[in-house]
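Here are the chains, one letter per residue:
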Amino acid sequence: MNLFDVYPINPINIVRAKGSTVWDANGNEYLDLYGGHAVISIGHTHPHYVESITKQLHNIGFYSNSVEIPIQKELATKLGRVSGKEDYTLFLCNSGAEANENALKLASFHTGRKKVIAFSKAFHGRTSLAVAATDNPAIVAPVNETDNVIFLPFNDEEALQKAFDSFGDDVAAVIIEGIQGVGGIRESSIPFLKLIRTLCDKFESVFIADSVQCGYGRTGLFYSHDYSGIQADIYSMAKGMGNGFPIGAIAISPKFKASYGLLGTTFGGNHLACAAAVSVLDIIEQDNLLTNARDIGTYLIEELQKFDKVQEVRGRGLMIGIELPVELASVKKDLLLKNKIFTGEAKPNVIRILPALNITKAHADQFLSALDERLKD
Ligand SMILES: Cc1ncc(COP(=O)(O)O)c(C=O)c1O
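A brief report on the enclosed structure follows. Keep in mind the model is a prediction, meaning the values are calculated, not measured. (Residues numbered from 1 in each chain as written. Predicted model: local features only at pLDDT ≥ 70, side-chain atom pairs only at ≥ 80, totals over all residues.)

**Quick look at the overall build of the protein**
Thought 1: Counting secondary structure elements, the protein contains 11 helices and 17 strands.
Thought 2: Rg of the C-alpha trace for the protein: 20 Å, near the compact-globule value of 21 Å for 377 residues, within the 12% margin.
Thought 3: Each principal axis of the C-alpha atoms in the protein carries an extent, and together these give about 55 × 55 × 45 Å.
Thought 4: Residues counted as buried form 48% of the 377 residues belonging to the protein.
Thought 5: Here the analysis covers contacts within the protein between residues at least 6 apart in sequence; of these, 72% occur between residues at least 24 apart. (Helix = DSSP H or I, 4+ residues; strand = E, 2+ residues; numbered from the N terminus. Rg over C-alpha atoms; globule rule 2.2 N^0.38 Å. Buried ≥ 20, exposed ≤ 12 C-beta atoms within 10 Å, placed from the backbone. Contact = placed C-beta atoms within 7 Å.)

And the structure:
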């Protein structure tokens, strides 16, 4: 059997990893500033992470949500503390799309309404309603098409106000990334997030903060929406949560009422995934990784702004977009092949930096001098 060929892949077989360094099968060493797409939060094969998962696996790896799983409560308590949302409740699932799917579904159950407001260039996942709320017709199958999702221009306060004025009573939810990732590292403006909060309060709609990529400390605050000072009703999360072990979740404000069967999943909240997620939070807390993300991120952004050939630097903390002129779109590939540095991209000409939250200044400097070399080519 062959693999269903949906991923354009680099011909590199990574066989070993430690921190922000990975090695391929030929022994080549790479600096990982991509983190497998913003997933590696505490660094590859972190000893505490490996030990926690191994220990859990020796006891029990999985049992269903039909029995007590105390490590779920441990995770919820730690997450509440680290994220500053102790009064929220936690629903555990397996991926970012599934988190958004549940967030949207819960908003609709709660309000009894059908309309969802999403924004231009948004990415919320590839499953039914999450993909319908994603602004990319190429990945929306005919069966996912729905009139229930209304796209508005990103950061356009007037358009948002007008939409609520005309059909606000039908709006179940507004869903927005604090910083759009796939959309090219574009930050939601603070006045825009505040207006969403005001309108959701006025019309009793649900504010969903998609934090799958921009959350979990990546920007220096736990949720990137926190920079605006607002509280969302639901935060969705996944990528950095398990440092590579599949786990997703939604944090739900106290205004929502749970009932048996309202949401559910077979694998969500399994022992092994929770052990991974608890160990990630341990390290985030112990090693002050939010502060490191903010400090190294600020340093990188300031240094990147000094490059003449860089058109724009966007983002916060360790979620950085470097926009290059279109004719320099090959720099990302050259960084990988010539300098052995993994970065991400937003097509066609934005390099995305999404490293582990504990990268060092030395890693940042290695990247800056490699970029300098590439831009002199
Ligand atoms: C903002 C955002 N939401 C949702 C998702 C979907 O997450 P997953 O791929 O885990 O389903 C992604 C993935 O890139 C994302 O960036």
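**A word on the nonpolar core**
Thought 1: The biggest cluster of nonpolar side chains holds 108 residues, and the ones touching the most others in it are A133, A173, V174, I208, I234, A249 and A277.
Thought 2: Among the elements that line this core, the one with the most residues is helix α8 (residues 271-286), at 11 residues. (Core = buried A, V, L, I, M, F, W, Y, C linked by C-beta atoms within 7 Å.)

**What to know about unusual backbone geometry**
Thought 1: Between K347 and P348 the backbone carries a cis peptide bond, its omega angle lying at 0°.
Thought 2: Checked against the element boundaries, P348 lands in the loop between β16 (344-346) and β17 (350-353).
Thought 3: At Y216, a residue that is not glycine, the phi angle is positive and equals roughly 60°.
Thought 4: Residue classification places Y216 among the buried positions, given that 33 C-beta atoms sit within 10 Å.

**Some thoughts on the sheet that holds strand β6 (residues 149-152)**
Thought 1: Read across the sheet, seven strands follow the order β4-β12-β11-β10-β7-β5-β6 without closing on themselves; strand pairing throughout is mixed. With partners counted over all chains shown, the strands left at the sheet margins are β4 (89-93) and β6, one partner each. Averaged over all pairs of adjacent strands, the angle between strand axes in this sheet comes to 20°, irrespective of strand direction. (Pairing = 2+ DSSP bridges. Axes fitted to C-alpha atoms, helices over the stretch in contact; angles between N-to-C directions.)

**So, the site of the ligand**
Thought 1: The environment of the ligand is formed by 14 residues, the closest being G96, A97, G125, V212 and Q213.
Thought 2: The biggest single contributor to the shell around the ligand is helix α4 (residues 96-111), with three residues.
Thought 3: The residue inventory of the shell around the ligand, partitioned by class, reads five nonpolar, seven polar and two charged. (Near = placed C-beta within 6 Å. Nonpolar A, V, L, I, M, F, W, Y, C, P; charged D, E, K, R; others polar.)

**Observations concerning the sheet that holds strand β1 (residues 14-18)**
Thought 1: The strand order across the open sheet formed by four strands is β1-β2-β3-β15, and the pairing between neighbours is mixed. Strand pairing shows two members of the sheet lacking a second neighbour, β1 and β15 (341-342), which therefore form its edges.
Thought 2: Note that strand β3 (residues 29-32) and β15 share two bridges and pair parallel. From the neighbouring strand, L31 faces β15, where its bridge partner is I341.

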